[in-house]
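Secondary and tertiary structure notes
What follows is each chain in one-letter form.
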Amino acid sequence: MVNVYFDENGRKSFELPGAKPHYNPDRPGQVEHIALDLALDIPSRSYCGTCTIRLNPIRDGVERLTLDAVHLHIDGVRIAEQEQPFDYDGEQLQIRLQQPTTAGTPIQLVIAYHVEQPQRGLYFIAPTPDYPHKPVQVWTQGEDEDSRYWFPCFDYPGQLATSEIRVRVPRPYLAISNGELIATEDDGDAKIYHWLQRQVHPTYLMTLAVGDFAELRDEWQGKPVTYYVEKGREADARRTMGKTPQMIEFFSEIYGYPYPYPKYAQVCVEDFIFGGMENTSTTLLTNRCLLDERAALDNRSAESLVAHELAHQWFGDLVVIKHWSHAWIKEGMASYAEVLWVNHAYGAQDATYYRLNEARNYLTEDSSRYRRPIVTHIYREAIELYDRHLYEKGACVYHMIRAELGDELFFKTIRTFVQDNAHRTVETVDLLRAIEKATGRNLQFLFDQYVFRGGHPDYKVAYSWDGDSKLAKLTVTQTQATPGDTSSSSGLFDLKIPIGFGYSGEPSGAEQPIFTVRVHEYEQSFYFPLPEKPQYVRFDVGNHYLKTVTLEYPLAELKAQLQYDPDPIARIYAAAALAKKGGLEAVKALETALQTDPFWGVRAEVAEQLATVKLDQAVAALLRGLNDPEARVRRAVVNALGGIKTESSYNALRAIAASGDASYYVEAAALEGLGAVAANFTAQTETEVLELFRSVLAERAGWNETVRGGAISGLSKLKTSEAALNLILNYTVAGTPQALRLAAIRALGAISTGQSNGNLERILNRLSELARESFFLTQVSTVAALGQMETVKAIGILQALADQTPDGRVRRMAEEAVQRVQKAVKQDQAVQKLQEELEQLKKDNQELRSRLENLEAKAEAKEVHSAKS
């Protein structure tokens, strides 16, 4: 039997085969302290040592303890120098206690073990024949449940304990871990570092990072703030992480709790499998986040990453989730902390736009992948929960709480929550309790709609004005629901939405009357008496609710909103509605906004909308937008031109691709867009573009291979070109700089859809080889490539990769890619069948026409014969 998993609305379900409810295990006692004493043998990629766990039993008579320990070699277990018998199956360590526990009397387990060639938990990084300049490093990654791969433990977030790590490493390497460095000691050609974490935390936040790092020092209120990077990248470290002390000050203030640990370290490591990881007092970051001077021109994502991981020191490390199902409490706040920091550092409009893009990330996942409640304990692996629902939708929930309470009560709530739960575990209900304690408000209705069930409202808003009665009419439809269905499963949202009306003559910042209406039915009409006709309508003033909205306003109102609404999100929505209407008047309004809107985010969005209007004047407006002084707007204009297949867009993109831009991203976007446009021109044009791409690939190596990655993406748009495919394949070989190689791997999927059968086999063979590589990012890129293909042969490679990968994220990506390929194959087969039917119809028509012509000819001949006779 083949199972197809969909939710009640026809979306693919989050719950894949094998998903089941997960609960924290029974607790035999409280873990009070964990001590690791390890010796690293870096050349042999192995280590040995002891893990000592002090456990305070909750009850008498416990005779067996079960610890998580995966792929470790257990050498022995002792309690008070007495050997304890144990059973070990490679995943769990069962210790048979010689003496049953006594409640309240701690026992100390000493587990001797060693590990060879670890695959998860602890990672050895070293030069290889293909990458001889790779640094020697060792680092760990515990979240979600990977600490069990590098030391025996009770590996779930509900157990909080102090910890220490004593580690022997070869000179000249540094070892950085949680807490404070309490001792170092020389040991021949090695050095021993001893770190102590005095505040309790869960096992997944224990960490170790080893390398020949440069150390840079700042401080905050006397506490060390340190940055560790590969030597030679000190300036990039300052550029990327230098605002950390200001961030610590900011978060200490808004969370109402001074930074709680003795130091804050950030360690940038090679080949990291996440963007960052908020280990207690010691965050690990990917070295790909380090910015050079040119990248810093228009890259704020690195700064946001630093803010996100720092915010976790309060939300996640100080206040710890009790179970993975409640991880949105920490990840949602860390994502919202990015918004808060952008507001603090760059202003309200930037923060509002940042929040809009967080919402869009969630909305894309909801529409294209699956819909789920934010809080769910049904999954296969906890890592599956770490998605756009958890991060970005969680951030939007925090913002809606803020909108409901107002700033003063919101931050009072957050401070109450942190202060009441410091060094404790929490669930979602604890946040609701903090809201009620701090404000007296009950926001269960908001959590029921946005946290404990999936989805969001999709609003369609129509407006009209009755001049005789001076009434504004607003009709609001919740298009996600079914007309007439008012049941609890209808999908309807029940929210109080603020409605405003604007007049262009008002001075900037003037107060406008706000009406609050309850929107809770499929379709409702609201009437607002006003002294005069408004120039524009403001639905959900401030756009605080997570939603989609389609505006069906007259052209004049949309133009006024784009010009005058103080909210950038409202101006962006107006631009989208104007572009949908189309026409010369809409283009003129959009062009004016592209040239004059004071906020770069609106100008960037307007550029995107102009590209959807099929008029020459829209292209001309975009070409003028290439002169915008803000690199992020130029990038949006270039991206828009890449979707317009005209000679003028080709010439503009080619000029930027050839001459470059101050921004890496603009240059890369021009190269990608050039490939897309050139694919629609002559073979001579394609030859010229290929020559340019060869030149770029040979000469423009640089920061994270952004520019050369743009050239690879451009090549992938030349879908029928064998020469483009050959170039891409050349850059998938080992030894190619990693970022460029990953871009080339992904590009194989994009270019595959136009290639000949013989070339398709070459692509499949290469991806099959790549699927056997163990590096996480290579596997992700391979899955991305295969998921774009339209051949059933890709499915077998994906299924094999899903079966053999140790990473739950890759496994799920591969399984979802299988579904996409199956859908594409079915569509291709349907198109092929339709084409065959059309061909048969043409053939039948031709035969019918021939028969008709024969009959006509015979009839004419008969008439002629009759006339002669």
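A brief report on the enclosed structure follows. Sequence positions are assigned chain by chain, starting from 1 and proceeding in written order. Selection of residues for local features in this predicted model requires a pLDDT of at least 70, selection of side-chain atom pairs for listing and counting requires 80 or more, and totals for whole chains, interfaces and linings are taken over all residues. In computing side-chain properties, one takes all heavy atoms of the structure into account and sets aside hydrogens as well as water.

In this text, buried Ala, Val, Leu, Ile, Met, Phe, Trp, Tyr and Cys residues form a nonpolar core when linked through side-chain atoms within 4.5 Å. When accessible area is computed with a 1.4 Å probe and restricted to protein chains, residues below 20% of their type maximum are described as buried, those above 50% as exposed, and intermediate ones as partly exposed. Counting 271 residues, the largest nonpolar core has Phe-251 and Trp-328 as its most contacted members. Two residues qualify as a contact provided that any one of their heavy atoms is within 4.5 Å of a heavy atom in the partner residue. Beyond its immediate stretch of four places on either side in the chain, Trp-328 contacts Met-333, Ile-374, Val-375, Leu-390, Gly-394, Val-397, Tyr-398, Thr-428, Leu-431, Phe-447 and Val-451.

This part is about the sheet that holds strand β19 (residues 264-269). Strand pairing follows a simple DSSP-based rule, namely that at least 2 bridges must link the two strands. We count a stretch as a helix when DSSP gives it H or I for four or more residues in a row; a strand needs E for two or more, and each element gets its number in order from the N terminus. The sheet built from five strands is open, its strands ordered β17-β18-β19-β21-β20 with mixed pairing. Lying at the two open borders of the sheet, with one neighbouring strand each, are β17 (213-220) and β20 (276-277). Two strands pair when backbone bridges link them, and β17 and strand β18 (residues 223-230) are joined in this way by eight bridges, in the antiparallel orientation. By the bridge assignment for β18, Phe-213 is matched with Glu-230. Only the contacting stretch of a helix is used when fitting its axis, a line to C-alpha atoms as for every element, and angles between N-to-C directions run 0 to 180 degrees. Strands in contact with helix α2 (residues 244-254) are β17, β18 and β19; relative to β17, the strand with the most contacts, it is inclined by about 40°. Contacting β19, β20 and β21 (282-286), helix α3 (residues 301-311) crosses the sheet at an angle of about 150° to β21.

With that out of the way, let us pick up the packing of helix α5 (residues 348-368) against helix α6 (residues 389-405). The geometry of α5 relative to α6 is characterised by a closest axis approach of 8 Å and an angle of 130° between their N-to-C directions. Judged on the interaxial angle alone, α6 and α5 are oblique. In the packing of α5 onto α6, the handedness of the crossing is left-handed. Where α5 abuts α6, its residues Arg-355, Glu-358, Ala-359, Asn-361, Tyr-362, Glu-365 and Asp-366 lie against His-389, Glu-392, Lys-393, Ala-395, Cys-396 and His-399. Within the contact of α5 with α6, the residues separate by chemical class into four nonpolar, three polar and six charged. By the definition adopted for this analysis, an angle is roughly parallel if under 35 degrees, roughly antiparallel if over 145, roughly perpendicular if from 65 to 115, and oblique otherwise. Crossing handedness is read from the near helix: turned anticlockwise from the far helix by less than a right angle, it gives a left-handed crossing, and turned clockwise, a right-handed one. Each residue gets one of three labels, nonpolar for Ala, Val, Leu, Ile, Met, Phe, Trp, Tyr, Cys and Pro, charged for Asp, Glu, Lys and Arg, and polar for the others, Gly among them.

On to the side chain of Asp-387. Looking at the secondary structure, you find Asp-387 in the loop between β23 (378-379) and α6. A relative accessible area of 6% means that Asp-387 is categorised as buried. With residues near it in sequence (within four places) discarded, Asp-387 still touches Phe-14, Glu-365, Tyr-370, Arg-372 and Glu-392.

In summary, the pairing rule links any two rings of Phe, Tyr or Trp, Trp by its six-membered ring, whose centres are within 6.5 Å, and it sorts them by plane angle into stacked for under 30 degrees, edge-to-face for over 60 and tilted for everything else. Applying the stated rule across the entire model yields 36 aromatic pairs. The ring of Phe-274 carries Arg-809 above its face, with NZ or CZ at 4.1 Å from the centroid. Our definition puts a charge over a ring when NZ of Lys or CZ of Arg is within 6 Å of the ring centre and also within 35 degrees of the ring normal.

Moving on, we come to the sheet that holds strand β30 (residues 536-539). Consider a sheet: its strands pair through backbone hydrogen bonds, and that pairing is either parallel or antiparallel. Taken in spatial order, the three strands of this open sheet run β28-β27-β30, and their pairing is antiparallel. Strand pairing shows two members of the sheet lacking a second neighbour, β28 (514-519) and β30, which therefore form its edges. Taking the axes of each pair of neighbouring strands and ignoring which way they run, one obtains an average angle of 25° across the sheet. Of the pairings in the sheet, the one linking strand β27 (residues 495-502) to β28 comprises six bridges and is antiparallel in character. Looking at β28, one finds that Lys-496 is bridged to Arg-518.

The sheet contact formed by strand β14 (residues 180-187) and strand β15 (residues 190-201) spans seven bridges and is antiparallel. Considered in β15, the bridge of Glu-180 is made with Leu-196. The turn joining β14 and β15, which pair antiparallel and follow one another in sequence, is formed by two residues; a positive phi near 65° is taken by Gly-188.

Our focus in this paragraph is the environment of Leu-67. Locating Leu-67 in the fold gives a position in strand β4 (residues 64-68). Using a relative accessible area of 0% as the deciding quantity, one classes Leu-67 as buried. Non-local contacts of Leu-67, meaning those with residues more than four positions away in its chain, are made with Ile-53, Glu-91, Gln-92, Leu-93, Ile-95, Leu-109, Ile-111, Pro-152, Cys-153 and Phe-154.

Here we come to the environment of His-114. Turning to its location among the elements, His-114 is positioned in strand β9 (residues 107-116). As a C-alpha pair, His-114 and Leu-38 span 76 residues in sequence and 9.0 Å in three-dimensional space. His-114 has contacts with Tyr-47, Cys-48, Leu-72, His-73 and Asp-75, leaving out every residue within four places of it along the chain. Contacts described as polar in this section are N or O atom pairs within 3.5 Å, which, within protein, must combine one atom able to donate a hydrogen with one able to accept it, while residues neighboring in sequence count only if both atoms come from side chains. In this structure the side chain of His-114 is engaged in a polar contact, spanning 3.0 Å, whose partner is the side chain of Asp-75.

Attention shifts here to the packing of helix α10 (residues 555-564) against helix α12 (residues 584-596). Think of two packed helices as two axes; the pair is described by the angle between the axes and how far apart they sit. Contact geometry for α10 and α12: axes closest at 10 Å, N-to-C directions at 5°. Considered as vectors, α10 and α12 are oriented roughly parallel to each other. Contact residues: α10 offers Leu-555, Lys-559 and Leu-562, while α12 offers Glu-585, Ala-586, Ala-589, Leu-590 and Ala-593. Looking at the contact of α10 with α12, its residues break down into six nonpolar, no polar and two charged.

Only one rule defines a salt bridge in this text: a Lys or Arg side-chain nitrogen within 4 Å of an Asp or Glu carboxyl oxygen. Under the counting rule described, the total for this entry stands at 60 salt bridges. When the shortest N-O distance is used, the salt bridge between Asp-494 and Arg-518 registers 2.7 Å. Pair noted here: Asp-494 is in the loop between β26 (471-478) and β27 and Arg-518 is in strand β28, with a separation of 24 residues, a long-range link. Across the pair Lys-559 and Glu-585 runs a salt bridge whose closest N-O atoms are separated by 2.8 Å.

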